[in-house]
Amino acid sequence: MKELIEYMVTALVDNPKQVNVSERTTEDGIVYELSVAKEDLGKVIGRQGRVIRAIRTVVRATAWKEKQRVWVKIV
């Protein structure tokens, strides 16, 4: 799942080397914390949050197949 998030985000940003995804397990599920360069933050969020919403939808659909609960947060 972590690789999927990295793959999607690195395709969007200008500084792919500064993309970092960390994984944290909680009692409710798995939280993926995404960090990018400040100048790329707008590209990842998108207009009215459409891009990050699409990323979250793809990740949740993939996790649903594996019967997991996941969240993607931008740090």
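You'll find the structure just up there.
Treat the numbers as computed from the prediction; the structure is a model and nothing was measured.

Caption draft 1: Broad picture of the packing of helix H1 (residues 2-12) against helix H3 (residues 50-65). Between H1 and H3, whose axes approach to 10 Å, the crossing angle comes to 155 degrees. Comparing the axis directions of H1 and H3 gives the class roughly antiparallel. In this structure, H1 crosses over H3, and the sense of that crossing is right-handed. Residues Leu-4, Ile-5, Met-8, Val-9 and Leu-12 of H1 pack against Val-51, Ile-55, Val-58, Val-59 and Thr-62 of H3. Tallied by class, the residues present in the contact of H1 with H3 amount to nine nonpolar, one polar and no charged.

Caption draft 2: Layout of H1. Taken together, the buried positions of H1 are Ile-5, Met-8 and Val-9. The buried residues of H1 all sit within an arc of 90 degrees when viewed along its axis, so they share a single face. In H1, those exposed residues whose orientation departs by more than 90 degrees from the buried face are Glu-3, Tyr-7 and Ala-11. At its buried positions, H1 is contacted by strand E1 (20-25), strand E2 (30-35), helix H2 (41-45), H3 and strand E3 (70-74).

Caption draft 3: Quick peek at the sheet that holds E3. Strands sit in the order E1-E2-E3 across an open sheet of three strands; the sheet is mixed. At either margin of the open sheet sits one strand with a lone partner, and together these are E1 and E3. The sheet shows a mean angle of 20 degrees between the axes of neighbouring strands, direction not considered. Sheet topology note: the E2/E3 ladder contains five bridges and is parallel. Pairing of Glu-33 across the sheet is with Lys-73, part of E3.

Caption draft 4: Summary view of H3. Look at H3: 23 Å from first C-alpha to last across 16 residues, which is about the 22 Å you get at 1.5 Å a residue. Taken residue by residue, H3 has Ile-52, Ile-55, Val-59 and Ala-63 as its buried positions. One side of H3 holds all its buried residues, which, seen down the axis, span an arc of 65 degrees. Of the exposed residues in H3, those oriented more than 90 degrees away from the buried face are Arg-50, Arg-53, Trp-64 and Lys-65. Following H3 by one or two positions, Lys-67 adopts a phi angle in the positive range, close to 60 degrees.

Parameters and conventions
- Residues numbered from 1 in each chain as written.
- Predicted model: local features only at pLDDT ≥ 70, side-chain atom pairs only at ≥ 80, totals over all residues.
- Heavy atoms only, no water.
- Axes fitted to C-alpha atoms, helices over the stretch in contact; angles between N-to-C directions.
- Helix = DSSP H or I, 4+ residues; strand = E, 2+ residues; numbered from the N terminus.
- Parallel < 35°, antiparallel > 145°, perpendicular 65-115°, else oblique.
- Left-handed = near helix turned anticlockwise from the far one by under 90°.
- Contact = heavy atoms within 4.5 Å.
- Nonpolar A, V, L, I, M, F, W, Y, C, P; charged D, E, K, R; others polar.
- Buried < 20%, exposed > 50% of the residue type's maximum accessible area, 1.4 Å probe, protein only.
- Arc of directions from axis to C-beta.
- Pairing = 2+ DSSP bridges.
- Expected span 1.5 Å × (residues − 1).

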